[in-house]
Each structure stands twice: as structure tokens, then as C-alpha cells.
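The residues making up each chain are set out below.
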Amino acid sequence: MRVRLLGGFVVEQDGVPIPAGAWDRRRPADVLKVVGSARGGRLHREQAIDALWPDKEPATGANNLYRALHDLRRIVGAEVVVLDKGVLHLAPGVAVDVLDLEAGLDASDPDRREAALALYAGDLCPDDPYAEPLAARRDMLRRRFVDAALAAARRAGGRGDETRALELLRRVLATSAECEEAHRGIMRLLAEQGRCAEALEQYGACARALRHLDAEPSAATRAVYEQIRRGEVGLGVSLGGSYARIARRLTGTSSPAQIRGRMDELARIADFVAEEAGVLLMTGEGGVGKTRLAVEAARLAGERGGVLLAGSCTELEGMAPYAPFVEALTRGFRAEGLPTGDNPFANFQPGPGGSTEEARLRLFHAVETALARAAAAGSVFLLVDDLQLADASSLQLFHYLARATRMLPLLLVATCRDEDGRGAYPALCANLLRERLARRLAVPRLGREETALLVADVLGRAPAAESVGRIYALAEGNPFYVEEITRTLEETGEIQIPDELTDAVRERVRRLPPEAAAYLAAASVVGQRFEHDLVARVAGVGGERALGALESAQAARLLEEDERRHRFRHTLAREAIYDGLARPRRIQLHGAAATALEDKLPASADAVAHHWLAAEQPARALPHLLAAGQYAAERIGFSEAIGFFDEALAIMDDLGVPAGPERFQVACASGQLLVAVSAQPRAVERLDAAAALARPDGWRPPAQARAQARRCAACACINAGDLAGARARLAAAMTDLAELDGSHAEHVEVLYYVAQLEWHEGHHAEAYRAAEECLQRAEALGDATLLARAYEMLALACHSLGDWRAGAGFEDRRTAIAGGPLDVAHAFDVHL
């Protein structure tokens, strides 16, 4: 017989729990709880009576005790607690988890002490939180568990097992959320893995936990926080094991299983790596094994001394600009021991002046330069997993780096699911192949012999030929589905024939405990990779129950740990679970995810917006779409920013949001970004609409703001060759500015474009007059940058009019302000 008191009260006979309804009286269970939780499982009769019936006379208390023991025997059907010579003790053969836990913690062997921690499934009898007889014992057991878990975490960290150390420290916090030593340990471990943002978030969690006690983090905890913020923690990350790091990141294990078959593919990969430069696109259906082959390519490159970098795309992360490259360089540079100051995504500044397109090119060049420095002693291997899910900016950067492989020792590798190709991805692949920048490796399904070997790997034994034939017929050689159907065979003893292959995954989920299924449903909504605490909140499962759900999903080989968080073993598994959710359930989970992620704003604005939209609450998504658009634009992710702003404007239309400053600013920002990505007709339409905004109550955008929108629209017209359209919009801008008193910067900007336009059309005298007025207004403002632009146009107009002496004088004045001589020939080309 086994009695469980930690995490809940359960009595099992031969592994079968006694139904909760059998405990129709409270006192029999109370007697078992106080005796089973007592030190050594022994309690004097008077102590038991005093604990359970403190207000009764001794004789009445004794009668109550005998009645409770009788009822206990009746419920269980056997002697459980024995009264012998005035002492209550457990009957022989009765095991209690509390006693086993204490015996393990009392052992001299540290391994045995650590193994005993698994018995602590939660507080002592949490279903009786206010039971006084158990309160002191509950607190003592909690303290013992916390002390032992902290010691075990220190041991795990000392031997380099960071995953085990983090697991133990998180169990401590699930039990005692205010334990600062556990918070500090997690902060240090995360920082040493390069996960500094998560380490700083952990400090916030510590502060929130202590706030409930009207306390603040101690000086020691604040010191760790400051060290991480200054970059002083985390510099000792191991520089070796780059292949193991990438393998674990992408396959869930640092030692991936042997590749079955694929001899031709492996030979082509080896040839590619030997060239030390080029682009390889590994294409094929989901689950066919592309990522495993890409990881093998990383191993070969690592053996040749290459720097290994890897990033992956997911459906949700594809909303953020440059997501896979940010991951690859930010984490890879630290892991490879490269100067983190060389990472352009951490330090890039667009620089003063210039167009948004120029800022993007500067970023691309900075990435190329960083990779060139990284390749100083060899080559760089850069892998992007699931390229078909990448954001548009990442696809543009990939194309740019593909061209750079002709000059750099750069091996650029991508895995791609062709059936999911969307957006700009198909065009990118076509362009790479047409320009002969990339070679394509189509990964086929396995043959029957390779399928038999894979089935044997999963089962750990040679399978029957009949079983292999049926599995091969069902999975048709797709390795992922071969494994799923084989695991079903292993778990149930029979090969089940699903209506669809994804049903094999859903059937395995249905066999899990309800909490594990709920956890997986929440995880499928959050994304391919996720944090345990976030998914537990979304699922509504907490503490030890959440950890148990996670462990069940991992044991079922549906989830696995990576070096950052947790992940689905394969994206197809996540898709199968997500697609199997009923629509109301999806909506509810997306709403829960959005609510949970709002704690991580502003960096997670795009994810919060995604979840509110999926939860069919566009009004709550709107502010986050605007924040995500601004965030993307600041990081030179113009295409992504446009997408966010487009969606925000569409929601404003659907919700009937009236014209106002916010709508005007969004329309102007997206219009300017459309100019940057050369979508000139859309830019003109968006900017014209912004300038024309008005409300029945008389509200209009300020005159200077309207003029700026019209000037940007004129610039788009010039780029599109519509000079008449540009002239009309500049004239309208001057009409707007006529409402203002005095000179404003926008006067100078508009006149600068008017002068350009006149000069383009050969009206050099008119260009001179416009530039002259531009100069007068710039002088009134005293703005050096505006003065330099006015002198630039005056110089061009004078040279075109044949007055080279005056033109040279204006050049000198411009040079005195802006620095560097004006190259007249180059300036002519630019304005042409």
C-alpha cells in the first residue's frame, strides 16, 4: 500500500487509487495524514488526540480516535495505522512518500539526496491548507526540499549540467516564489548561456514575488542584476561544442540519431562544404528530414574549423524583422567567442541623413562586414531553418548575403518547405537559382529499406517485416510520420490506421493525461518554441501539475528542450495539435496568450497583436500593431512595419475609428515606408489620403503636417516618373504652408523639391528662383542642414545656367557647412 501526501492525498492499493468518494468521513483520512507525516511515521496517542480533537475531554478524544481507526480499516480494507502500547504507527507494508523523501534527504550520498527530490510533488496535503496539525510539518518539509534542491542545483551547475540546474531552481520557485537564491541562480545561468534578456526578466519576476511580501530584492540580487546589465556576467560561456549547440537547438539533442540512407544527399553536402563558399537550399515536404541534413552540414563545416551560426524561423517569429539573423548572430557570436560589439543587430545605428533605403543598405553592409570579420581565420557556416516562414526583410538580407558568397568564405544554407512557400519566398528562390547563386538539394522520402532501419531505431529492436510493410504503406517514406506511427505501435501494440497522418499525432495526445493535453494545446497556440511558465499560464495549469504535464509531453516525444526554452519535436506535431483544436478553444487560448504576453511589452508587441487578432479581438490588437510597426521601422524592417500599419488602418476602418492624429500619423509613416520599398503608387495613395483627412467637426491635420505628407507624395511621384503629379502635390503643399506665419522647416523642404523639379524639367531660371527662396527661409531659421541643401540647389542651377563662378561660390558655402566638396558631376547624376 502506498500513501501520497505531497501534492495531494491519495492512497493506492496495488497501484490502484482508492476513490475519493470512499472517504465519506474526514477523520479517518486525518489520522492517516498526521501519522503518515509524523517524523518516522510514529505518533503518541495523546499527541494525535491533542492535534485532531484539542477541545475534547481525553476520554472523548480517545473514543473518537478508536472510531476513526475503525473507519480507516473499513475504507481501506486492511490495517493501515496500528495503535500499540499508546503509540500510533504505520502497519508493515505501508509506504508514505513523506517518509521516503526524508529518508532520501537524510542519506549521506548526494546522488541519493538528489534522487529523493523527485518525491516532492508539492506541499504536504495542499487540499487541507488550513489544517493546524499539518501546518508546522508542511513548512518544515518545504524548507528541507528548498535547501536540498538548491544544493543539488549548485552541484549540477558545478559539473556543467545547466539544464538540470535550471530545472531544480525553477522547482524551488514553484514551491517558494520568493527564494532569492533561486532567482539569482537562474539569472546567472541564463546570462552565461547568452540569454541576458531572459535573465533580466527573471529579476523582474523576483521583484514581483517579493512585492507580495512588501519587500524588495536584496543587495546581492540587485548586484547580480547590475552585473548582467553591464555585460559582466556571461563572458565565461564555453566556446567549444558549437556543433552540439546547433544540433540541440534544431533537433532537441546534441547527439542526433544516425541518418538512414541519404548517401547521395550526404555526398552532395560534403562537396558543398568543401568549397567553403556558396548557397545551398535544402527543399522538401515537412517531416522529410531537411533539418537533420542541415545539422550534418554544420558538423562537417565545424570539423573544417568553420564558425557555426544558426537561426530558425517560425510562423509567429516571421512577423519580426530579421528574426533568424538576429538569433544567429546574437547567440552565435557569443557562443563562438566573437566580439559581441561586431554584432550589427546589437549596435547598428542608421546614421544621420539619407533615405530609409540607404539605412537598410548600411545595415546589410554591416552584417556582411561582421561575417567577413568572423571568417578571418576560416569560413562561416550560416544556417537558416524554415526559410519559407522568414519575414520579408530576412529574405532580402538572405539574397544580399547570397551575392556576398562570391567574395566571402561564407556557406549560406537554408531549409525550405516548398508546400508552404508564401509572400516573397518563391520569388527569392527563383532569383537565386536564375542568378546561379544557389544550388538546390531536393530531399526525397525514404525507401522501404531505410524505413525499416528507422523503425528499428525507434523500437530499439528489429521489427517484423509485416509491420515495416504496413508502416511504410501508411507513412509513404516520410520520416516524421514513420516515427509517429511506430511510436503508436510501441505504445499500443498495434498499428492504427489514421484517416490522416496528422491524426497519428492527435491520437497520441489523447492517450496523455488531461493536464498534458491541455498543456500541449496551449503550447501549440503560443508557438513552435516557448517558455514553460508562459504556456503554464495560458493552459491554466500551475506548479507541480504544470511540470508534470511538461514531463508527460516530453516522455511522449512530442516536446523537447532546446538551449533556450522548450520546443515541439517537429513543427508538424505542433500543426497537427493546433489544427485539431475547436475554434472556440483556439480563440480562448489565443486570448490567454495575449494577456500573458502583455507582461513582456514592448518587445513582444507583434506577438501580442497576433494573438489578439487570432482571438478575434481586433480593438485590443490595434495599439500593439502600431507599437510593432514602430518597433520594426526603427530596426530597418520596412516591409514588416508596412504590414503592421496596413493591418492597423484596416482595423480602424472596420471599427469606424474617426479621422484624427493617430490615423494621420500611421498613414504618413506607412506612406513614407512604401516610398522606401519602391511601392510608389501605393505610397502616393496612402499619403494623399493622409493629407485629405478631415472630420465633420472641422478637425484637419496641421498645415505643416499636411504639407509634409504632400511633399513625400511628390517624392514618390518623382520616383515613378510622374513629374506632373509631383508638381501638383508640391503646389498643394505650398498652399497648405501659406496658412502659417513666418518660415518653417517644411517651407525649405518643399522649396528644395520644387527647385529639383524645375531643374529636372530644364527650367533652370525657375529652379534658381525656388532655390533662392529656399535659402532665404533657411537663413531665417538658422538651420545649417537646410542651408546646405539650399546652397546645393543654387550651385546646380547656376552651373546649368552657365554661371560657373557663382556656382563655385555656392559650392564653397555648402562645403563650409556640410563638409566635403560637392561633386557637381555626381550631384547632376543624383538629381537626374
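The model shown is predicted, which means the values in this text are computed figures rather than measured ones.

Concerning the overall build of the protein
- Helices and strands together make up the secondary structure of the protein, namely 39 helices and 15 strands.
- The principal-axis extent of the C-alpha atoms belonging to the protein is close to 120 × 70 × 50 Å.
- Burial status across the protein gives 51% buried among its 832 residues.
- Residue pairs at least 24 apart in sequence account for 66% of intrachain contacts in the protein once pairs closer than 6 positions are excluded.

Quick look at the side chain of glutamate 483
- Examined against the element boundaries, glutamate 483 turns out to sit in helix α21 (residues 479-492).
- Beyond its immediate chain neighbours, meaning those up to four positions away, glutamate 483 contacts Leu454, Val458 and Arg569.

Quick word on the pattern of salt bridges
- A complete count under the given rule lists 51 salt bridges for this structure.
- Between glutamate 476 and arginine 445 there is a salt bridge, and its shortest N-O distance comes to 2.9 Å. Taken together, the residues glutamate 476 in the loop between α20 (465-475) and α21 and arginine 445 in the loop between β12 (438-442) and α19 (448-459) connect sequence positions 31 residues apart.
- Given the relative accessible area of 33%, arginine 445 is considered partly exposed.
- The salt bridge partner of arginine 727 is glutamate 761, with a shortest N-O separation of 2.3 Å. Of this pair, arginine 727 sits in helix α34 (residues 723-737) while glutamate 761 is found in the loop between α35 (745-760) and α36 (764-781), placing the two residues 34 residues apart along the sequence.
- Owing to a relative accessible area of 32%, arginine 727 belongs among the partly exposed residues under this scheme.
- Assessed through its relative accessible area of 30%, glutamate 761 is described here as partly exposed.

Quick word on the sheet that holds strand β2 (residues 10-13)
- The mixed open sheet is built from 4 strands, whose spatial order is β3-β2-β1-β7. Either end of the sheet is taken by a strand with one partner, and the two such strands are β3 (16-17) and β7 (95-96).
- Bridge count for β2 against β3 is 2 bridges, and the pairing is antiparallel. For glutamine 13, the partnering residue across the bridge sits in β3 and is valine 16.

Quick look at the sheet that holds strand β11 (residues 410-417)
- Strand order in the open sheet formed by 5 strands is β9-β10-β11-β8-β12, and the pairing between neighbours is parallel. The open sheet is flanked by β9 (307-312) and β12, the only strands paired with a single partner. Here the average twist between neighbouring strands, direction ignored, is 15°.
- Of the strands in this sheet, β9 and β10 (380-385) are in contact with helix α14 (residues 323-335), which crosses β9 at around 140°.
- Sheet strands in contact with helix α18 (residues 425-434) are β8 (278-284), β11 and β12, and its direction is about 115° off that of β12.

Some remarks on the packing of aromatic side chains
- The final tally for this structure, using the stated rule, is 11 aromatic pairs.
- An aromatic cluster is present here, built from Tyr322, Phe345, Phe364 and Tyr400 joined pairwise through their rings.
- One residue, arginine 635, lies across the ring of tyrosine 631, its end atom 3.5 Å from the ring centre.

Some remarks on the side chain of threonine 486
- Here threonine 486 is to be found in helix α21.
- Owing to a relative accessible area of 0%, threonine 486 belongs among the buried residues under this scheme.
- A polar atom in the side chain of threonine 486 sits 2.6 Å from the backbone oxygen of valine 482.
- In this structure threonine 486 touches Val455, Val458, Leu459 and Ile471, once residues within four positions along its chain are discounted.

Observations concerning helix α23 (residues 514-526)
- Taking 1.5 Å per residue as the helical rise, α23 with its 13 residues ought to reach 18 Å, and the 19 Å between its terminal C-alpha atoms agrees with that figure.
- The buried count for α23 comes to 10 of 13 residues, which makes it a mostly enclosed element.
- When α23 is considered as a whole, its buried residues turn out to be Ala516, Ala518, Tyr519, Leu520, Ala521, Ala522, Ala523, Ser524, Val525 and Val526.
- At the C-terminal side of α23, glycine 527 shows a positive phi close to 145°.

Things to note about the packing of helix α31 (residues 661-676) against helix α32 (residues 680-691)
- Two numbers describe how α31 lies on α32: the axes approach to 8 Å, and their chain directions differ by 160°. On the basis of the axis angle, α31 is roughly antiparallel to α32. For α31 against α32, the interelement crossing comes out left-handed. Contact with α31, carried on its side by Phe664, Ala667, Cys668, Ser670, Gly671, Gln672, Leu674 and Val675, involves Gln680, Arg682, Ala683, Arg686, Leu687, Ala690 and Ala691 of α32 and no other residues of that element.

Here's the deal with helix α30 (residues 638-655)
- The first and last C-alpha atoms of α30 sit 26 Å apart over 18 residues, in line with the 26 Å expected at 1.5 Å per residue.
- Here α30 has its buried residues at Phe638, Glu640, Ala641, Ile642, Phe644, Phe645, Ala648, Leu649, Ile651 and Met652.
- In the stretch just after α30, glycine 656 is the one whose phi turns positive, near 70°.

Things to note about unusual backbone geometry
- A positive phi angle, near 45°, is found at cysteine 125, a position not held by glycine.
- Looking at where cysteine 125 falls in the secondary structure, it is placed in the loop between α5 (110-116) and α6 (132-158).
- Looking at cysteine 125, the relative accessible area reads 0%, which means it is buried.

Looking at the pairing of strand β5 (residues 81-84)
- In this structure, β5 lies alongside strand β6 (residues 87-90), joined through 4 bridges in antiparallel fashion. Following the sheet pairing, aspartate 84 is matched in β6 by valine 87.
- Here β5 folds back onto β6, and the loop between the two strands holds 2 residues, one of which, lysine 85, carries a positive phi near 55°.

Some points on the nonpolar core
- Ranked by size, the top nonpolar core spans 106 residues in total, and within it Leu281, Leu309, Leu382, Leu387, Phe398 and Leu401 carry the most contacts.
- When residues in this core are grouped by element, the largest group, 10 residues, is from helix α37 (residues 784-801).
- Look past the residues within four positions of leucine 281 in its chain and what remains in contact with it is Phe398, Ala414, Cys416, Cys429, Leu432, Ala438, Arg439, Arg440 and Leu441.
- Among the nonpolar cores identified, the runner-up in size contains 68 residues, and Val80, Val81, Ala153 and Ala156 belong to it.

Quick word on the packing of helix α11 (residues 242-251) against helix α13 (residues 290-303)
- The geometry of α11 relative to α13 is characterised by a closest axis approach of 10 Å and an angle of 175° between their N-to-C directions. The orientation of α11 relative to α13 falls into the category roughly antiparallel. Note on element contacts: α13 touches α11 through Thr291, Arg292, Val295, Ala298 and Arg299, opposite Tyr243, Ala247, Leu250 and Thr251.
- Classifying every residue of the contact of α11 with α13 gives 5 nonpolar, 2 polar and 2 charged.

Brief notes about the confidence of the model for the protein
- Across the protein, the average pLDDT comes to 85, with 91% of residues at or above 70.
- Within the model, the stretch residues 234-240 combines pLDDT values under 50 with 13 contacts to residues more than four positions away or in other chains.
- Of the regions scoring below 50 in pLDDT, residues 822-832 engages in 22 contacts with residues more than four places distant in sequence or in other chains.

Looking at the environment of tyrosine 120
- Considering the arrangement of structural elements, one finds tyrosine 120 in the loop between α5 and α6.
- On a C-alpha basis, the gap between tyrosine 120 and alanine 456 in space is 37 Å, while along the polypeptide they are 336 residues apart.
- If near-sequence neighbours (up to four positions away) are discounted, tyrosine 120 is found in contact with Leu6, Leu101, Leu141, Arg142, Phe145, Arg171, Thr175 and Glu544.
- In terms of polar contacts, tyrosine 120 uses its side chain to reach the side chain of aspartate 123, at 2.9 Å.

Rules used in this analysis
Residues numbered from 1 in each chain as written. Predicted model: local features only at pLDDT ≥ 70, side-chain atom pairs only at ≥ 80, totals over all residues. Heavy atoms only, no water. Helix = DSSP H or I, 4+ residues; strand = E, 2+ residues; numbered from the N terminus. Buried < 20%, exposed > 50% of the residue type's maximum accessible area, 1.4 Å probe, protein only. Contact = heavy atoms within 4.5 Å. Salt bridge = Lys/Arg side-chain N within 4 Å of Asp/Glu carboxyl O. Pairing = 2+ DSSP bridges. Axes fitted to C-alpha atoms, helices over the stretch in contact; angles between N-to-C directions. Phe/Tyr/Trp six-rings, centres within 6.5 Å; stacked < 30°, edge-to-face > 60°. Lys NZ or Arg CZ within 6 Å of the ring centre and 35° of its normal. Polar contact = N/O pair within 3.5 Å; in protein donor to acceptor, adjacent residues only side chain to side chain. Expected span 1.5 Å × (residues − 1). Parallel < 35°, antiparallel > 145°, perpendicular 65-115°, else oblique. Left-handed = near helix turned anticlockwise from the far one by under 90°. Core = buried A, V, L, I, M, F, W, Y, C linked by side-chain atoms within 4.5 Å. Nonpolar A, V, L, I, M, F, W, Y, C, P; charged D, E, K, R; others polar. pLDDT = per-residue confidence, 0-100.

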